[in-house]
Amino acid sequence: MPNFQMTSNPQTMRNRTRSVDLSAASAALWLAATAFLALVALYFVGVDQGAVSLFGGDSHVHEFVHDARHLLGFPCH
C-alpha cells in the first residue's frame, strides 16, 4: 500500500498543480489556427476541382472528398 503524506510545503504544492493559460493572446492564437484549418478543409471539400485545383489534373483529392461534397451541397459534376 503506498504511503501518502500530506504536506503543507508551498513548493511541493506548486509542483503538483498546473495552471491553464486563459490569456487573450492564447485564445486568439487558437481561434486563428482553428479558422485556418476550417478554411483549408472547406477549400478541399468545396473548391478544389478543375481550374482552381492545387494539384492540377490529379483528381485524388476530389475523389477522396466526393461524398462529403455532395452531402454539403457543393456541385461537382
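Note that the structure is predicted; figures quoted are calculated from it, not measured.

Regarding the overall build of the protein chain
Part 1: Counting its secondary structure elements, the protein chain contains 4 helices and 0 strands.
Part 2: Beginning at the N terminus, the succession of helices and strands in the protein chain can be written as α-α-α-α.
Part 3: Within the protein chain, the fraction of its 77 residues that count as buried is 13%.
Part 4: The long-range share in the protein chain, meaning contacts at least 24 apart out of those at least 6 apart in sequence, stands at 21%.
Part 5: Accessible surface for the protein chain amounts to roughly 6800 Å². Of this, 67% is attributable to carbon and sulfur atoms.

Quick look at helix α2 (residues 24-46)
Part 1: Its 23 residues give α2 an end-to-end C-alpha distance of 32 Å, which sits within 8% of 33 Å, the value for a rise of 1.5 Å per residue.
Part 2: Within α2, burial applies to S26, V45 and G46.
Part 3: Those residues of α2 that are buried lie in contact with α4 (66-71).

Quick word on the environment of H70
Part 1: Tracing the sequence through the fold places H70 in helix α4.
Part 2: C-alpha separation for the pair H70 and G46, spaced 24 residues apart in sequence, amounts to 9.3 Å.

Re the environment of P75
Part 1: Inspection of the secondary structure puts P75 in the segment after α4.
Part 2: Residue class for P75 comes out exposed when judged on its relative accessible area of 62%.
Part 3: Sequence spacing of P75 and G46 is 29 residues, and the spatial spacing of their C-alpha atoms is 8.2 Å.

A short note on the confidence of the model for the protein chain
When pLDDT drops low, the exact placement of atoms in the prediction is not to be read closely.
Part 1: Residue-level pLDDT values for the protein chain average 76, and 68% of them are 70 or greater.
Part 2: When pLDDT is averaged over each helix and strand of the protein chain, the minimum, 60, is found for helix α1 (residues 10-16) and the maximum, 90, for α2.

Observations concerning a nonpolar patch on the surface
Part 1: On the surface, F36, L37 and V40 cluster together into a nonpolar patch covering about 300 Å² of accessible area.
Part 2: Structurally, L37 is set in helix α2.

Criteria and thresholds
- Residues numbered from 1 in each chain as written.
- Predicted model: local features only at pLDDT ≥ 70, side-chain atom pairs only at ≥ 80, totals over all residues.
- Heavy atoms only, no water.
- Helix = DSSP H or I, 4+ residues; strand = E, 2+ residues; numbered from the N terminus.
- Buried < 20%, exposed > 50% of the residue type's maximum accessible area, 1.4 Å probe, protein only.
- Contact = heavy atoms within 4.5 Å.
- Areas by Shrake-Rupley, 256 points an atom, 1.4 Å probe, with all protein chains shown as cover.
- Expected span 1.5 Å × (residues − 1).
- pLDDT = per-residue confidence, 0-100.
- Patch = residues over 30% accessible without salt bridge, like charges linked within 9 Å, V, L, I, M, F, W, Y side chains within 5 Å.
- Salt bridge = Lys/Arg side-chain N within 4 Å of Asp/Glu carboxyl O.

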